[in-house]
Amino acid sequence: MSGKNLTIIATKGTLDWAYPPFILSSTAAALGYNVSMFFTFYGLQLLKKDLSLSVSPLGNPGMPMPLGMDKWFPVLGTTIPGMQAMMTGMMKSTIKSKGVASVAELRSLCLEADVKMIGCQMTIDLFDIKHEDLIEEIDLGGAATYFEHAGESDINLFI
Amino acid sequence: MSDFNQELDARGLNCPLPILRAKKKLNAMTAGEVLKIIATDPGSVKDFEAFATQTGNELMGSSENDGEFQFLLKKGG
């Protein structure tokens, strides 16, 4: 065991951006790091018991579109109702077919490996998030709690 | 390839699952035992080298055959 420490601040609540924090945390834990994850603002979505995450093509020119849609669809096309649900469904099936783990699977692998997950109390109050909607394995804390971990840490990432 | 005590079929799995599954298998093994891993993720070649360096488990062998990668990891003390 290296005994090194890693902290990650997870700020995004979309299907695509759920991956980097959970992939890095689970891998770091497998390498022997003590890992603490802090979930703030939209990142709190990643702590919900029911992970209903979406991905949006809107305002994201880097997202590969299927069937050459980016060629014949103007940017405005990404605003069509139902487009987000369709792209989310497509990405989920691609994820499955490529042998990439689901977000829920990666999250439970993190918990299994004793990754510490801390939800931002202020965000919970701000957005009226219900405690019973969040998984039970988490602690709550604020900025000072984060720095208590980050100050002792070898690597600190903001995602 | 030489003898092994446990085997892990990580074919079809993508990063970071081969590493996570291997780590789980190694946890249940004793020092000196060897884990054989079969994977199809090309990224796993570099990743298992990095995993071995950082965790003190020895990568005894690494080979490719027809799009499949084989690794032999000896559990460290």
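Just above sits the structure.
Participant: Sorry if this is basic, but what is going on with the environment of Ser93(A) here?
Facilitator: All names here are of chain A. With respect to the helices and strands, Ser 93 occurs in helix α3 (residues 83-97). The class of Ser 93 is exposed, set by 10 C-beta atoms lying within 10 Å. In this structure, the C-alpha to C-alpha distance between Ser 93 and Asn 60, residues 33 residues apart in sequence, is 20 Å.

Participant: Looking at this model, I keep getting lost on the pairing of strand β4 (residues 68-74) of chain B. Mind explaining?
Facilitator: The two faces of a sheet get side chains in turn, since along a regular strand they alternate between them. Residue and element names in this part refer to chain B. The alternating pattern of β4 places Phe 69, Phe 71 and Leu 73 on a buried face and Glu 68, Gln 70, Leu 72 and Lys 74 on a face that is not buried. Two elements, strand β2 (residues 34-39) and β4, share six bridges in a ladder whose sense is antiparallel. Paired with Val 34 across the strands is Lys 74, a residue of β4.

Participant: What exactly am I supposed to notice about the interface of chain B and chain A here?
Facilitator: Many descriptions give the size of an interface as the accessible area lost when the pieces come together. Listed per partner, the contact involves eleven residues of chain B and twelve residues of chain A. Residue assignment for the side of chain B that touches chain A shows that the elements contributing at least two residues are α1 (17-27) and α2 (44-55) of chain B. Looking at the side of chain B that touches chain A element by element, the count peaks at four residues for α1(B). Residues that form the side of chain B that touches chain A fall into these classes: six nonpolar, four polar and one charged.

Participant: Looking at this structure, how should I read the sheet that holds strand β3 (residues 58-65) of chain B?
Facilitator: Residues and elements named next belong to chain B. Here four strands make up an open sheet; going across it, the order is β1-β2-β4-β3 and the pairing mixed. Strands with a single pairing partner mark the edges of an open sheet, and in this sheet they are β1 (6-10) and β3. This sheet shows a mean twist of 15° between the axes of neighbouring strands, independent of strand direction. Helix-sheet contacts for α2 involve β2, β3 and β4, and the interaxial angle to β3 is about 175°.

What counts, and where the lines are drawn
- Residues numbered from 1 in each chain as written.
- Chains lettered and ligands numbered in written order.
- Predicted model: local features only at pLDDT ≥ 70, side-chain atom pairs only at ≥ 80, totals over all residues.
- Helix = DSSP H or I, 4+ residues; strand = E, 2+ residues; numbered from the N terminus.
- Buried ≥ 20, exposed ≤ 12 C-beta atoms within 10 Å, placed from the backbone.
- Pairing = 2+ DSSP bridges.
- Contact = placed C-beta atoms within 7 Å.
- Nonpolar A, V, L, I, M, F, W, Y, C, P; charged D, E, K, R; others polar.
- Axes fitted to C-alpha atoms, helices over the stretch in contact; angles between N-to-C directions.

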